[in-house]
Amino acid sequence: MITPTNCPDTAASDEGIIAHARELSPFFHRMLEADAARLPTLLEGLRRPFGGDEMRAFVAAQPITDEDSLKRALRKLRQAVMLRIIVRDLNGLADLGEVVETCTVLAEVAVQEALARLEVWLCGLHGMPVGESGAPQQFVVVGMGKLGGRELNVSSDIDLIFVYAEDGETNGARPLGNHEYFARLGKKLIAAIGENTADGFVFRVDMRLRPYGDSGPLVGSFAMLEEYYQTQGREWERYAWIKGRVIAGPEKELQDLLRPFVFRKYLDYSAFASMRDLKAQIIREVNRREMFDNIKLGPGGIREIEFIAQVFQLIRGGRDTALQIRPTLTVLSLLAERNLLSPETVVRLGEAYVFLRNLEHRLQYLQDAQTQMLPADDENRSRIAQAMGCNDWVEFLARLTPHRADVERHFAEVFSMQDPEKPLEHGLAEVWQGGLSDEEAENRLAQHGYAYPADIHQRLKSVRASGRYQQLPAASRERFDALLPDVLKLAGAQAHADSALARMLNLLESICRRASYLALLAEYPQALELVIKLVATSPWLASYLTQHPILLDELLDTRNLYAAPDFAALRADLRQRLLEVDGDVERQMDVMRHFKHTQVFRLAAQDMADALPLETLSDHLSALADLMLAQVLETLWPMVRGKHRDTPRFAIIGYGKLGGKELGYASDLDLIFLYDDDAPEAGEVYARFGQRINSWLNSLTPAGMLYETDLRLRPDGASGLLVSSVEAFAEYQKHKAWTWEHQALSRARFCAGDADIGTAFERIRRAILCQPRDLEKLRAEVVAMRQKMLDGHPNKTELFDLKHDRGGIVDVEFIVQYLVLAYAARYPQLADNIGNLALLKRMGELGLVPDDLASSAAEAYREYRRRQHVLRLQGAEKARVAPGDLSRHAEAVRALWQQVF
């Protein structure tokens, strides 16, 4: 709140408060002079805001019998409200929030009260409008701009759009078509509020934001609106509709109809260019009319703050529905929460916004004029300085100038006011555009780091000649052309320039039909540089980005990209995102997939930067899978038909890489489903639940797949029931399970769902692993199973298969599993699911195997997993390497195998 330093405080006399307002607002003084009866009413309500209920009571107390008396009543209301706003604001009794809310409510009340009476009178003549469906039709009034945003200023016009749902006609004795009926009603409403009578006006009414502007019909049906915005809607209209809000009539259907136009489903970085163009038009107009002292449209003015807030809404509002809000200060706060603007920036912009809006009101209090121009005369400058809490004009300018400078600087930073489509000065534009001979082009490419310039030049020609490029819209092709020279320059600087460019061209060809992605890379050169570095490092990551280009957005904030995951915060974030699309199953599936892909991409970026040891990466990927599984359960249970309890007695158990926390980027999930519920219908209900979970995880949507799953480790494998009771699972493990199934138990764990079932599973797992066994029989069965696996993965090459060949990963796993099953009865600590490396160390310490052999095998296992991971990132289908440099590790594992078996 701004409280002028030389105004009376709240304990001052009412007379002093009135006198202060008279001094600073000639308009206030004239209103009191024009009608002495206004003063007692003003004094009575001085100490409280003018609320909506009081406004409605004021109107109800007026003698309204026709349109003329309606106009008088509404204008008297406006005068009473304005007097109280001015005196409260100038004396520090009201803050900016109260002022704009009171003005907004005044506009809403005026529209609603006028409409209520005008509809009755017009309906009496022509009957009620009825739609083609037979349903009664209502007049819908949309408040745009500051009215829609609940930020109306004290001498603002109000931007309105008039709509109705269906065509048809009225049902009275003198019927009219619905369009004509609502057009008449709209004209009467405009006159009731905006006509300048002997009593003045309530609000000036501006209808130019409607489809086709001044040349369009005054009212439109929903069908007409939808057709217009789908086929002819312009970017500035998207910007305008961010603030659009129904202030009279039914709201939901219209909002649902227009939301896809305003908020794109994808991230829309083309909004930067559109808003930049709009700002350029404003600048031209400011320059033409010499409006540098305009605190709204001039440099560092209110409009620039609004543009900063709204560009992020246009870009992200389709995906982040929390951004589909209207008040500027609220949007700015949310941008700080989302790390889209720094907290410091938001504080500075918020302070400037409050200062400028308060100043705007004080300028308008002078003469009730719709102005944002600083005064040129000394008398009014003195009033403004005093009203803003300053001793004189010089002191006032000393406070104003830093605010405007802050806003101008932040606006330039957000919108990168330099031309983002101007390529770097490096001479590669001519190479891309075909302006050089083949020899000249190839020489230039060679100079920029390309090993095979002729092949690169041919690939560029191929891209230019491709149908995909040739059929691009003009704007997208211009962006593509602007990007390519910089891509050539940056890719040429990579260690393997040719492959980096090839991957980058694949990515660009994949995304070029989506203008927003090209705009992102054009608007953020640092993002372009980072994406080229990432695709140069890993073809797998290049492919992942090509499949999920929405992840490009993650490159904009390296604080998030390289931050360690906070899984509690991530789960809360995911829950909130799902809540925002509650009831829309398709969008919920996509939200989950986008969320998972984002976290995987962040981890991969940290991996590429050598910021994550492999074990830590696997832990994070496994924790992410646990989080996603838990959220799938929470999301799907309410949708299960016939469910018999609020919370399911159901759990997901992870086996294999998930169970052992060795998950990789592309690992599938080995799962089983357990329940513990005595209800007669439980088996059937949980079977449906399990089917739905599996479908939800495996389904391919436009956002991709969540996880591939493998459910064959459940009791009786693929022929068994999809879900098992805890009791049935225990019975199966005791009496029917094969040895290999007990091996698999050694790295199984509870992942999601009912924790009590997780505890019961762990109890069963340990009991099975700790059973006494016939060691000879066990050894024979394990060796036979190992041979079966080896036969199933023949390697006819001279390369060493890290996973399947003798001396590889599977040998280490089988050794550990055998020793667990053989000796956990004697040493229960071997049943702990602590990973193969820790178990090998424990087995050496217990003397089950020579300590040095255990250590060597553990070292081999760690190196195998590292090499396997590197090969996966390089796109290798099979983890096979030249045997030479790993022969020492393979020999160590084979030696341990001989020792054990």
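Computed from a prediction, not measured in an experiment: that's the story for all the values here.

Asks: Mind showing me how you'd approach the overall build of the chain here?
Replies: Looking only at helices and strands, the chain has 40 helices and 14 strands in total. Classification of the 901 residues of the chain by burial places 55% in the buried group. Summed over its atoms, the accessible surface of the chain is roughly 38,100 Å², and 50% of this surface lies on carbon and sulfur atoms. The positive charge centre, built from 108 side chains, and the negative charge centre, built from 127, are 2 Å apart in the chain.

Asks: What should I look at first to understand helix α17 (residues 393-415) in this one?
Replies: Working note: α-helix, 3.6 residues per turn, so residues spaced by three or four point in the same direction. The first and last C-alpha atoms of α17 sit 32 Å apart over 23 residues, in line with the 33 Å expected at 1.5 Å per residue. Along α17, the residues that are buried comprise W393, F396, L400, H403, R404, D406, V407, H410, F411, V414 and F415. Looking at where α17 begins, the residue whose side-chain oxygen comes 3.3 Å from the main-chain nitrogen of V394 is D392.

Asks: Explain the confidence of the model for the chain here, please?
Replies: A low pLDDT score tells you not to read the predicted coordinates there in detail. Within the chain, residue pLDDT values average 92, and 96% of them lie at 70 or more. Here residues 1-11 is modelled with pLDDT under 50, and outside its nearest four sequence neighbours on either side it reaches 28 contacts, counting other chains as well. Note on residues 417-424: pLDDT is under 50 here. Beyond four places in sequence and across chains, it has 12 contacts.

Asks: Teacher, can you tell me more about helix α36 (residues 775-792) here?
Replies: Between its first and last C-alpha, α36 extends 26 Å over 18 residues, near the 26 Å set by a 1.5 Å rise per residue. Along α36, the residues classified as buried are L778, R779, V782 and R786. Taken down its axis, α36 places every buried residue within 100° of arc, on the same side. Exposed and facing more than 90 degrees away from the buried side of α36 are E776, K777, K788, D791 and G792. Those residues of α36 hidden inside the fold are in contact with α34 (739-745), α37 (809-823) and α40 (887-900).

Asks: Which parts of the structure should I look at to understand the side chain of D607?
Replies: Within the secondary structure layout, D607 lies in helix α29 (residues 585-608). One buried charged residue, D607, remains without a salt bridge, the closest side chain of opposite sign being R866 at 9.3 Å. When near neighbours in sequence (up to four residues on either side) are disregarded, D607 contacts L612, L617, Y665, H869 and L873.

Asks: For this particular structure, what's the right way to read the packing of aromatic side chains?
Replies: A ring pair, where both rings are aromatic, is described by two values, the distance of the centres and the angle of the planes. Evaluation of the coordinates by the stated rule reveals 28 aromatic pairs. Plain terms: the ring middles of F355 and F396 are 6.3 Å apart, the flat faces sit at 20° to each other, and that makes the pair stacked. You can see F355 sitting in helix α15 (residues 343-367) and its partner F396 sitting in helix α17, a full 41 residues away along the chain. Summarising the burial analysis for this pair, F355 and F396 share the class buried. Residues W897 and F901 carry aromatic rings whose centres are separated by 4.2 Å and whose planes lie at 40° to one another, so their mutual orientation is tilted. The partly exposed category is assigned to F901, whose relative accessible area is 23%. Grouping aromatic residues by their ring pairs yields a cluster made of W637, F650, F673, Y675, Y686 and F689. Taking the ring centre of Y707 as reference, the NZ or CZ of K596 above it sits at 4.2 Å.

Asks: Any chance you could explain the packing of helix α2 (residues 26-34) against helix α5 (residues 67-90) here in plain terms?
Replies: Packed helices, taken two at a time, are described by their axes: the angle between them and the distance between them. Taken N-terminus to C-terminus, the directions of α2 and α5 make an angle of 130°; their axes are 10 Å apart at the nearest point. Relative to α5, the element α2 is oriented oblique. The interaxial crossing formed by α2 with α5 has left-handed handedness. Counting all contacts with α2, which are made through F27, F28, M31 and L32, the residues of α5 involved are R78, Q79, M82, L83, I86 and V87. Broken down by class, the residue content of the contact of α2 with α5 amounts to 8 nonpolar, 1 polar and 1 charged.

Asks: Just to check I follow, could you spell out the pattern of salt bridges for this structure?
Replies: Side chains bearing opposite charge may pair, as long as their charged atoms lie close to each other. For the coordinates displayed, the defined rule picks out 64 salt bridges. A salt bridge links R88 to E98, with the nearest nitrogen and oxygen atoms 2.8 Å apart. In this pair, R88 sits in helix α5 while E98 sits in helix α6 (residues 96-126), placing the two residues 10 residues apart along the sequence. Across the pair, E98 and R88 agree in class, each one buried. Linking R459 and E509 is a salt bridge whose minimum nitrogen-to-oxygen distance equals 2.9 Å. Of this pair, R459 sits in helix α20 (residues 453-465) while E509 sits in helix α23 (residues 497-511); the two residues are 50 residues apart in sequence, bridging distant segments of the chain. On the basis of relative accessible area, R459 is assigned to the partly exposed category, the value being 25%. With a relative accessible area of 18%, E509 lands in the buried category.

Asks: I would appreciate a short explanation of the packing of helix α9 (residues 222-231) against helix α11 (residues 252-262) in the present structure.
Replies: Viewed as axis vectors pointing N to C, α9 and α11 meet at an angle of 10°, and their least axial separation amounts to 10 Å. The orientation of α9 with respect to α11, classified from their angle, is roughly parallel. Touching F222, L225, E226 and Y229 of α9 are E253, L254, L257, L258 and F261, all from α11. Of the residues assigned to the contact of α9 with α11, the class counts are 7 nonpolar, no polar and 2 charged.

Asks: Quick question: what am I supposed to make of unusual backbone geometry here?
Replies: With the exception of glycine, the majority of residues adopt a negative phi angle, and the majority of peptide bonds are in the trans configuration. With phi around 60°, N339 is a residue other than glycine that occupies positive phi space. With respect to the secondary-structure elements, N339 resides in the loop between α14 (328-337) and α15. On the accessibility criterion, N339 (31% relative accessible area) is partly exposed. The phi angle at D716 is positive, at roughly 70°, despite the residue not being glycine. Note that D716 resides in the loop between β10 (709-710) and β11 (723-725).

Rules and cut-offs
- Residues numbered from 1 in each chain as written.
- Predicted model: local features only at pLDDT ≥ 70, side-chain atom pairs only at ≥ 80, totals over all residues.
- Heavy atoms only, no water.
- Helix = DSSP H or I, 4+ residues; strand = E, 2+ residues; numbered from the N terminus.
- Buried < 20%, exposed > 50% of the residue type's maximum accessible area, 1.4 Å probe, protein only.
- Areas by Shrake-Rupley, 256 points an atom, 1.4 Å probe, with all protein chains shown as cover.
- Lys, Arg positive; Asp, Glu negative; His and termini not counted.
- Charge placed at Lys NZ, Arg CZ, Asp CG, Glu CD.
- Expected span 1.5 Å × (residues − 1).
- Polar contact = N/O pair within 3.5 Å; in protein donor to acceptor, adjacent residues only side chain to side chain.
- pLDDT = per-residue confidence, 0-100.
- Contact = heavy atoms within 4.5 Å.
- Arc of directions from axis to C-beta.
- Salt bridge = Lys/Arg side-chain N within 4 Å of Asp/Glu carboxyl O.
- Phe/Tyr/Trp six-rings, centres within 6.5 Å; stacked < 30°, edge-to-face > 60°.
- Lys NZ or Arg CZ within 6 Å of the ring centre and 35° of its normal.
- Axes fitted to C-alpha atoms, helices over the stretch in contact; angles between N-to-C directions.
- Parallel < 35°, antiparallel > 145°, perpendicular 65-115°, else oblique.
- Left-handed = near helix turned anticlockwise from the far one by under 90°.
- Nonpolar A, V, L, I, M, F, W, Y, C, P; charged D, E, K, R; others polar.

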